[in-house]
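Secondary and tertiary structure notes
As a plain string of letters, each chain reads:
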Amino acid sequence: MKKAANEEMNSIENINDKEAVIDIDFDLMSGVEFEEFLGEKFREKGYRVQYTPTTGDQGADLIITKKGIKTVVQAKCYSNPVGNKAVQEVIAAKTFYDANKAMVITNNSFTNAAIELAKGTGVTLWNGEDLKRLYR
């Protein structure tokens, strides 16, 4: 998964610097703070960021767009691994918001079932380790 995550990070407009390391305790953030943090970082990387409603978001917390490529993002600030449900939700969001790509970002890790579903459906997964390398 590590290799696939790194390749996908590069394919989403090279928004990461693989050498960058971040020292933020995501575990102390609320879900909304995590979404806002991600939105701010995507904005810094040149993305247009749209936040979806807190409830009734149809499976996406953020919609990011750059160079005509629209990506729906499900943000999960969890103390446990993220399961299938988040991947299923972002798949639905991709269709609902007519997006080109879908991704789930967490401060934690993913269950094997979530990883398997993401691989089979083209959903990008970024875990806590990916985030630590993502932003300066």
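Please refer to the structure higher up on the page.
Residues numbered from 1 in each chain as written. Predicted model: local features only at pLDDT ≥ 70, side-chain atom pairs only at ≥ 80, totals over all residues. Heavy atoms only, no water.

**As for the side chain of D57**
Position of D57 relative to the elements: it lies in the loop between β1 (48-51) and β2 (62-66). One buried charged residue, D57, remains without a salt bridge, the closest side chain of opposite sign being K76 at 6.9 Å. From its side chain, D57 meets the backbone nitrogen of G59 in a polar contact 2.8 Å long. Among all residues touching D57, those that are not within four sequence positions of it are T52 and Y97. (Helix = DSSP H or I, 4+ residues; strand = E, 2+ residues; numbered from the N terminus. Buried < 20%, exposed > 50% of the residue type's maximum accessible area, 1.4 Å probe, protein only. Lys, Arg positive; Asp, Glu negative; His and termini not counted. Salt bridge = Lys/Arg side-chain N within 4 Å of Asp/Glu carboxyl O. Polar contact = N/O pair within 3.5 Å; in protein donor to acceptor, adjacent residues only side chain to side chain. Contact = heavy atoms within 4.5 Å.)

**Focus: the pattern of salt bridges**
This model, assessed by the stated rule, comprises 3 salt bridges. As a salt-bridge pair, K76 and E89 come within 4.0 Å of each other at their nearest N and O atoms. Here K76, found in strand β3 (residues 69-76), pairs with E89, found in helix α3 (residues 84-96); they are 13 residues apart in sequence, far enough to count as distant. The class of K76 is buried, set by a relative accessible area of 13%. We note a salt bridge from K85 to E89, for which the minimum N-O separation is 3.6 Å. With K85 and E89 both in helix α3 and 4 residues apart, this pair spans about one turn of that helix.

The values reported here are purely geometric and, on their own, carry no functional implication.
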